[in-house]
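# Topology and contacts: notes
What follows is each chain in one-letter form.
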Amino acid sequence: MVPDDSMQRHEITVPLDAALAQRLRALAAERGETLEALVRTHLEAWLGDWGQRVATHTVRPGETLWAIARRYYGDGRKANVLAAYNAIEDPTLLAAGDVVLVPEPETSDAVPPGESAYLHGLEGRGGEYLMERAGKPGWVLFGEALSGEPPDAAGYADLADRGFGVIVRLEHGPSTLPPVEHYEEFGRRCGAYVRRSGGCHVWVIGEGPNRAAARPGGARDGAPITPEDYARAYWGCREEIRSQPGHEDDRVLTAAIAPWNTQTRYAGNPNGDWVQYFADVLALLEGHLDGVALHAIDRDPDPAAIAADHSEPPPHGERRAGFRAYQDFLAAVPEPLRGLPAYITSAGPDLPWAQVPRGWIQAAYGEVARWNLTQQTIRCMILHRWQ
């Protein structure tokens, strides 16, 4: 996708207010220059030598513009820089063998072990060979329950060594968190598990704490997990995890909040708004977090529904009702935290996978890849597994 002729002349139209245009024409007349020459001279001085140091990258099978930006800039959001420099209008049309020019690369190093430059991923072992066989190792998500006897150490290093990204979700089991009085112990268990388990540096604390089914004591009799409760548990787990040797810089993610679930209501959120729950957790953590986990579930298996912006009925009419509910969560992230990555740890239609090629997966990944060009980075989207 390299431009055919780097010396080809291009016209760029920039709207100017009347006063600025008047001043430019007058300055060009005073200096005896054409307006074009005057503007070009000043643009070249302003630009300096930026963009003259260029790396050449040949696209690998399944590689996205976001992954290339992640590799050379350390930030997938700079995919828009690559799109602009290479005049790429639709990044989903990027194909293996295409050449992408990378202006002012910061590094050519691969992503760190235990992470993946790819967006795609699967839940649990058993399907990673498909990604490996295609030459594009993505992400693998594991869920671990830490109640009862301390679990044995788990080995994830084999996946990290083969280029896969590894994410482990830590829960109490069967509830996502233990009773409040056991939060400190749960944090220590998380730290001990991390210390004994190699190959993973991205951890999620809990799953859908706003669901009644996630409560300690069960959906019927269990006490709700309020944002204050969850923030306290997360804080303790993060401190324990990052205190372990070799894990000081690990990413500890907040739990994915269940969209459309109104079961946890509290002062300030009488309708159980799921996005408000998420926002309240972030506010309580005061910036002491490393990223967020999200769900992207579609109630309609039709691929065309992925891009729909249907709303929930009142009193939640401002919330999206379909796949794009993930955008409501990201819109609630405070501006100072929007440099943090988001990880979609469960994605798919809200029903068992059909054994027919509907195109849902391709459409969903295309949607998220386009989002990544201009918005807060989504590092991965992991397809959920139905037993």
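Residues numbered from 1 in each chain as written. Predicted model: local features only at pLDDT ≥ 70, side-chain atom pairs only at ≥ 80, totals over all residues. Heavy atoms only, no water.

## Examining the packing of helix α1 (residues 18–31) against helix α2 (residues 35–47)
Remark: α1 packs on α2, axes separated minimally by 9 Å, with the N-to-C direction vectors making an angle of 100°. By the criterion of interaxial angle, the relationship of α1 to α2 is roughly perpendicular. Across the interface between the two elements, Leu-24, Arg-25, Leu-27, Ala-28 and Arg-31 of α1 pack against Leu-35, Leu-38 and His-42 of α2. Looking at the contact of α1 with α2 residue by residue, the class counts come to 5 nonpolar, 1 polar and 2 charged. (Axes fitted to C-alpha atoms, helices over the stretch in contact; angles between N-to-C directions. Helix = DSSP H or I, 4+ residues; strand = E, 2+ residues; numbered from the N terminus. Parallel < 35°, antiparallel > 145°, perpendicular 65-115°, else oblique. Contact = heavy atoms within 4.5 Å. Nonpolar A, V, L, I, M, F, W, Y, C, P; charged D, E, K, R; others polar.)

## Some details on the nonpolar core
Membership of the largest hydrophobic core comes to 64 residues, with the highest contact counts inside it found for Val-168, Leu-170, Ile-205, Tyr-230, Leu-294, Phe-323 and Ile-378. The dominant element in this core, judged by the number of residues it contributes, is helix α10 (residues 274–285), at 7 residues. In this structure, Ala-55, Tyr-73, Ala-79 and Leu-82 belong to the second largest nonpolar core, which totals 15 residues. (Core = buried A, V, L, I, M, F, W, Y, C linked by side-chain atoms within 4.5 Å. Buried < 20%, exposed > 50% of the residue type's maximum accessible area, 1.4 Å probe, protein only.)

## Considering the confidence of the model for the chain
Of all residues in the chain, 93% attain a pLDDT of 70 or more, and the chain-wide mean is 88. In this model, residues 1–7 is a region of pLDDT below 50 whose contacts with residues beyond four sequence positions or in other chains number 11 contacts. (pLDDT = per-residue confidence, 0-100.)

## Quick look at the pairing of strand β9 (residues 342–349)
For β9, the buried fraction is high: 8 of the 8 residues fall into the buried class. Where strand β8 (residues 292–298) and β9 come together, 7 bridges link them in parallel fashion. Its bridge partner lying in β9, Val-292 is registered against Ala-342. Read as a crossover between parallel neighbours, the route from β8 over helix α11 (residues 325–331) to β9 is right-handed. Here 4 bridges tie β9 to strand β10 (residues 378–383), and the two strands are oriented parallel to one another. In the strand pairing of β10, Ala-342 is matched with Ile-378. (Pairing = 2+ DSSP bridges. Right-handed = clockwise from strand over helix to strand, strands pointing away.)

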